[in-house]
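The residues making up each chain are set out below.
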Amino acid sequence: MHAKSARPRHRLSLIGAVAAGTVLLLAGPAAAHVSVAPGTAEKGGYSTIAFKVPNEKDNASTVKLEVTLDPKHPLASVMPQPVPGWEVKVEKAKLEKPLQMHGKTIDEAVSKITWSGGKIEPGQFQQFPLSVGKLPDDADELVFKALQTYSDDDVVRWIDPSKPGGAEAEHPAPTLKLVAKGAAAGKGDDHDAKTDAKTGAKGADDKAANASAASDTSDGGSDTTARVLGVAGIVIGAAGVAFGLLAGRRRTAA
């Protein structure tokens with residue numbers, strides 16, 4: 001009698017263990033990181049991009065974002081869009097090799113941008129838009145380095161390069177992929193730099209809204225799916241553990 005009753009109890013305990021493991025597997029994709037939206041732009045053009053910064057802590061807020069631009073590919077035009085509640089500081093550096101644009105020689109370019117003074121509360125994210133150009137013709141990507149500072153003084157360094165084979169690094173650096181003109185690129189614009197300088201403020205507002213909508217559509221769906229699956233896994237895990245405990249008590253009583 002004990003042999004027969006032990007089998008279902010063993011199966012229930014096994015179900016609980018498997019369900020608990022499922023919780024861990026499903027909860028993993030919910031983790032997010034600092035990224036660039038949209039993820040692609042046309043070579044040689046101008047684009048509005050936004051750094052999407054999720055708050056990954058439950059007990060601290062994000063209070064500062066520092067972004068270092070790719071020193072291998074300096075950009076002649078970098079304009080941040082004002083973000084309510086945040087102060088922005090733009091730093092420039094002298095170029096070893098000056099840039100030529102519309103007959104003018106540019107000997108310095110933006111090297112670092114810092115946003116501070118605001119807060120990204122737990123469970124929220126914030127986007128920090130930039131109008132950038134002219135994007136390089138001789139590169140397949142622009143790699144940025146981002147430092148995310150929390151209110152508890154913890155600093156997360158999103159600076160890791162991509163791993164061989166396409167595996168994602170633990171703290172991947174935000175990367176903008178550059179594609180040939182006419183290829184499928186993300187939201188952005190390709191216009192004359194003079195026009196950009198005259199209408200930069202209005203254009204940045206309009207394009208940032210497009211970038212935000214595109215990011216919310218693409219990233220929001222995957223984030224929501226991951227969370228739903230995570231919650232489902234937790235419910236299943238809890239049920240499995242409860243069955244396991246109940247089976248253990250019945251065995252003790254027997």
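Just so we're clear, the structure is a prediction, and the values are computed from it rather than from any experiment. (Residues numbered from 1 in each chain as written. Predicted model: local features only at pLDDT ≥ 70, side-chain atom pairs only at ≥ 80, totals over all residues. Heavy atoms only, no water.)

1. Description of the overall build of the protein
Convention followed: Numbered from the N terminus, helices here are DSSP runs of H or I no shorter than four residues, and strands are runs of E no shorter than two. By definition, residues are in contact when any of their heavy atoms lie within 4.5 Å. Each accessible area is a Shrake-Rupley result for a 1.4 Å probe, and residues are judged covered by the shown protein chains and nothing else.
Looking only at helices and strands, one finds 3 helices and 12 strands in the protein. Here the analysis covers contacts within the protein between residues at least 6 apart in sequence; of these, 75% occur between residues at least 24 apart. Accessible surface, the protein: about 14,700 Å² in total, of which carbon and sulfur atoms supply 57%.

2. Brief notes about the sheet that holds strand β5 (residues 77–80)
For clarity, the threshold we go by: At least two DSSP bridges between two strands are required for those strands to pair. For helices, the axis comes from a line fit to the C-alpha atoms of the stretch in contact; other axes are also lines fit to C-alpha atoms, and the angle between any two N-to-C directions lies between 0 and 180 degrees.
Pairing is antiparallel in the open sheet, where 4 strands are placed in the order β1-β3-β8-β5. Across the chains shown, the open sheet's two edge strands, defined by having one partner strand only, are β1 (35–37) and β5. In this sheet, neighbouring strand axes are inclined to one another by 30° on average, regardless of whether the strands run parallel or antiparallel. Pairing analysis gives 3 bridges linking β1 to strand β3 (residues 47–54), with the strands arranged antiparallel. Each residue of the ladder has a partner; that of Val-36, found in β3, is Phe-51.

3. Some points on the pairing of strand β12 (residues 175–179)
As judged from the 3 bridges shared by strand β2 (residues 40–42) and β12, these two strands associate in the parallel manner. Bridged to Ala-41 within β12 is Leu-178.

4. Quick look at the sheet that holds strand β10 (residues 145–150)
Judged by pairing direction, the sheet is antiparallel, and its 5 strands sit side by side in the order β6-β7-β4-β10-β11 without closing on themselves. Edge positions in the sheet fall to β6 (87–101) and β11 (155–158), since each has one partner strand and no second. Taking the axes of each pair of neighbouring strands and ignoring which way they run, one obtains an average angle of 15° across the sheet. Sheet topology places β10 next to β11; 4 bridges connect them, and they run antiparallel. Within β11, the residue paired with Gln-148 across the bridge is Val-156.

5. So, the confidence of the model for the protein
Filter applied, for reference: One confidence number per residue, pLDDT, is output by the predictor and ranges from 0 to 100.
Confidence in the prediction of the protein, expressed as mean pLDDT, is 74, and 59% of residues score 70 or more. Scored below 50 in pLDDT, residues 1–6 makes 1 contact in the model with residues more than four places away or belonging to other chains. Scored below 50 in pLDDT, residues 12–30 shows 20 contacts in the model against residues more than four places distant or in partner chains.

6. Focus on unusual backbone geometry
The general pattern is negative phi for most residues beyond glycine and trans for most peptide bonds. The linkage connecting Ala-37 with the following residue, Pro-38, adopts the cis geometry, with an omega of -5°. Here Pro-38 shows up in the loop between β1 and β2. Between Gly-133 and the following residue, Lys-134, the backbone shows a cis peptide bond with an omega angle of -15°. Among the secondary structure elements, Lys-134 is positioned in the loop between β8 (125–133) and β9 (141–143). At Asp-153, a position not held by glycine, the phi torsion is positive, near 75°. Secondary-structure assignment places Asp-153 in the loop between β10 and β11.

7. Quick look at the side chain of Asp-70
Defined as follows: In the analysis that follows, any N or O atom pair within 3.5 Å is treated as a polar contact, provided that within protein one partner can donate a hydrogen and the other can accept it, and provided that, for residues neighboring in sequence, both atoms belong to side chains.
Note on placement: Asp-70 falls in the loop between β4 (62–68) and β5. Only 3.0 Å separates the side chain of Asp-70 from the backbone nitrogen of Lys-72, close enough to count as a polar contact. Look past the residues within four positions of Asp-70 in its chain and what remains in contact with it is Glu-141, Leu-142, Val-143 and Phe-144.

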